Every structure is written in C-alpha cells, then in structure tokens.
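# Breakdown of the fold
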Amino acid sequence: MGANAVTTVPVYTAGEVLTAADMNITNSGIPVFASTVERDAAFGGTGEKTLAEGQYAYLEDTNATQFYDGASWVSVGTTPGLVYITSATASASAALNINSCFSSTYTNYRIIYNFTASTTLELQMRLRLVTTDYSGTEYTDYGYGMGSGGAFNLQHVNTTQFTIGYVNTTEPIHGSMDIYSPNVAVKTNFSNLSGIAASIYENGRVNTTTQYDGFSLLASTGNITGTVKIYGYSNS
Amino acid sequence: MATQVTEHNSITGETIVRDMTDAELAQYQLDQAEAAKEAEAEAARQAARQAVLDKLGLSADEAAALLG
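A few points on the structure. Computed from a predicted structure; not experimentally measured.

## Structural notes on the sheet that holds strand S1 (residues 32–33) of chain A
All names here are of chain A.
- Taken together, four strands build an open sheet; the order of strands is S1-S2-S3-S4 and the sheet is mixed. The outermost strands of the open sheet, each flanked by one partner alone, are S1 and strand S4 (73–75).
- As paired strands, S1 and strand S2 (residues 56–59) are joined by two bridges and run parallel to one another. Across the sheet, Val32 pairs through a bridge with Tyr58, a residue of S2.

Here it is in structure tokens:
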C-alpha cells in the first residue's frame, strides 16, 4: 500500500478524543485503497462509516477513482473516444512505413499527416501485413478535388495503391484519414481529406479481406519529409 | 544514393532509415514506370483536346463556357 492508503473510513462519536492518526485519516480527502478488497472492507464495520451514496474512493492497483451510486461503485470519467497509438517522422524518404499500428484493440482509426515534398508528387498509400506492402491491383478510390487549375475528379480503379493527396515544393500537404476495419477480415475502407496544393475529398477501399496491421505512405516520385500520427477509435 | 525508406515499429516505437530492399525497389520502379505511362496518356489526352479546340478556333475558356 502507498503512503496515502487507508484500511478504514472511521466515524467518530460525540465527545470522543481524536488522535493524530484519526485526523490523518480524516484529512486524507478521497480515501486511497490498495484494491477493491481493502475498499470493501473499510466500510460498515465497527467504528467505520456506513457505505452510502456519494462516497468516493481511489484504487491504487487500477489507478481508478470511483464513487458509490447507492448500489455499486462507478468509475469516474470516461474512456477517451480517440486513443493515441503512435507517430513517426520521415526525412527525405521515398516511403514511410508504419508497422503493427492496427490490431484487434480498435476497429477504426484516424490518421493525421503533414508532409513537404522534394518535388511535385502524389502522396500514395498502401496497406501492410507483417512489414510488407500489399501491392495488388485492388485499391480503388473516388473523390473530388480543387486546385489552381479548377475542379477535377479523382478516380483510381483497381490500382496498386491509394492516391491520398498532392504536394509540391511550396505547398505542403496536411490530411486526415479515417480508416475502417483494417485489422478485421472484411474489406478495408477509408475517407480522406487533404490539402492544400489541391484540396481533396475522397473515399476508397481495398478489395481484399486481409487483416492488415500497418500501412505505408509513398512518394510517387522524389521523397517526403514530415510526420504521421495514428489514433484508434474506442469501441465503447 | 540508394532510395531510402523510413520504417516505424508501433510496438517498440523504434524508427529506422534504410535502403529499399530489392523487392521494394522493383515495385518502386514499376510504380515509376506506371506513373510515367499515365502522365504520357494524360499529355496525349490534353494534346488531342487542344487540337480539337484549335480546329474549332476556340479557347479553353470558351469551350468550357460552351459545355458549361
């Protein structure tokens, strides 16, 4: 048990003389317990408070703060909707490969990316499994774009990679992609927004049911410098 | 200089920079060839379009307005 952990939540009677130890427990704020075993044993006994609605407790073993709602203990706070998984930086690389970022822990993911480029290029993407790109002709993406030359359509059908944006030496690319079920045995889909050399909105899928565990970002020519961050969407 | 890739392991957090493997380099060269072919095809499409516009004596803006 830690220095703040207690084993009882006392109640005092009128006229009782309190010791320093009594006061230390009383002044400890939310009582700290080693685990739910010590928590449950600390209420309702002789000289202990009766457990009642509104009582708080902190558990050392799970680092959880809980309150009693009158019937059971409820954890305070909620699981975050987006959970950071990893990030990586490339410097003048033809590709940035991210391995083992997709797993059964999350179904859907958010990928945030920012890159500069050595020349005018397409930023492309492939899914990976066990550190190897899948480069079959089963990547399809459709979308719309707007650039200095006006509006244009994106349509890549059964190609060997997704095209997720355009970047040149003066206009870096930033983007945000939601990728759905990459590590589930169904076809992986995505929605992607990127800019600013051209502003892109697109959706796509890979026509396989492989459970991928990573992805690569590829420069169609030259190389890219920048960062990608990956987050998982909580399933509940 | 050999074409380099950056590889990140999300479990260990380790990032390395390395030369492409032979297989990756072969795919990269295939991709480059495919991109060059697509660029050529696009240039040919644009040239054919311009040839038609020239024949009609229209600018690109006028053609866009006409088809608008």
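## Details of the pattern of salt bridges
- In this structure the tally under the stated criterion is nine salt bridges over all chains.
- Among the salt bridges present, the one from Asp178(A) reaches Arg110(A), with a minimum N-O distance of 2.5 Å. Here the residue Asp178(A) occupies a position in strand S13 (residues 173–180), and Arg110(A) occupies one in strand S7 (residues 108–117), the gap between them amounting to 68 residues.
- The exposure class assigned to Arg110(A) is partly exposed, which follows from its relative accessible area of 23%.
- One salt bridge connects Arg18(B) with Glu24(B), and the closest N-O pair in it is separated by 2.8 Å.

## Describing the interface of chain A and chain B
- Chain A puts 25 residues into the contact, and the matching count from chain B is 17 residues.
- Both sides of the chain A and chain B interface together cover about 1,400 Å² of buried area, and 38% of this is carbon and sulfur.
- When the buried area of chain A at its contact with chain B is split by residue, Ala94(A), Asn97(A) and Asn99(A) rank highest and sum to 28% of it.
- Taken together, chain A and chain B are joined by two salt bridges.
- Between Arg128(A) and Glu7(B) there is a salt bridge, with the nearest N and O atoms lying 3.4 Å from each other.
- Summed over the shared surface of chain A and chain B, the result is 15 residue pairs in polar contact (both at pLDDT 80 or more).
- Elements represented by at least two residues in the side of chain A that touches chain B include exactly strand S5 (82–93), strand S6 (95–99) and strand S8 (121–129) of chain A.
- Top element by residues in the side of chain A that touches chain B is S5(A). It accounts for seven residues.
- Residues of the side of chain A that touches chain B, tallied by class, amount to eight nonpolar, 15 polar and two charged.

Rules used in this analysis
Residues numbered from 1 in each chain as written. Chains lettered and ligands numbered in written order. Predicted model: local features only at pLDDT ≥ 70, side-chain atom pairs only at ≥ 80, totals over all residues. Heavy atoms only, no water. Pairing = 2+ DSSP bridges. Helix = DSSP H or I, 4+ residues; strand = E, 2+ residues; numbered from the N terminus. Salt bridge = Lys/Arg side-chain N within 4 Å of Asp/Glu carboxyl O. Buried < 20%, exposed > 50% of the residue type's maximum accessible area, 1.4 Å probe, protein only. Contact = heavy atoms within 4.5 Å. Buried area = accessible area lost by both parts, 1.4 Å probe. Polar contact = N/O pair within 3.5 Å; in protein donor to acceptor, adjacent residues only side chain to side chain. Nonpolar A, V, L, I, M, F, W, Y, C, P; charged D, E, K, R; others polar.

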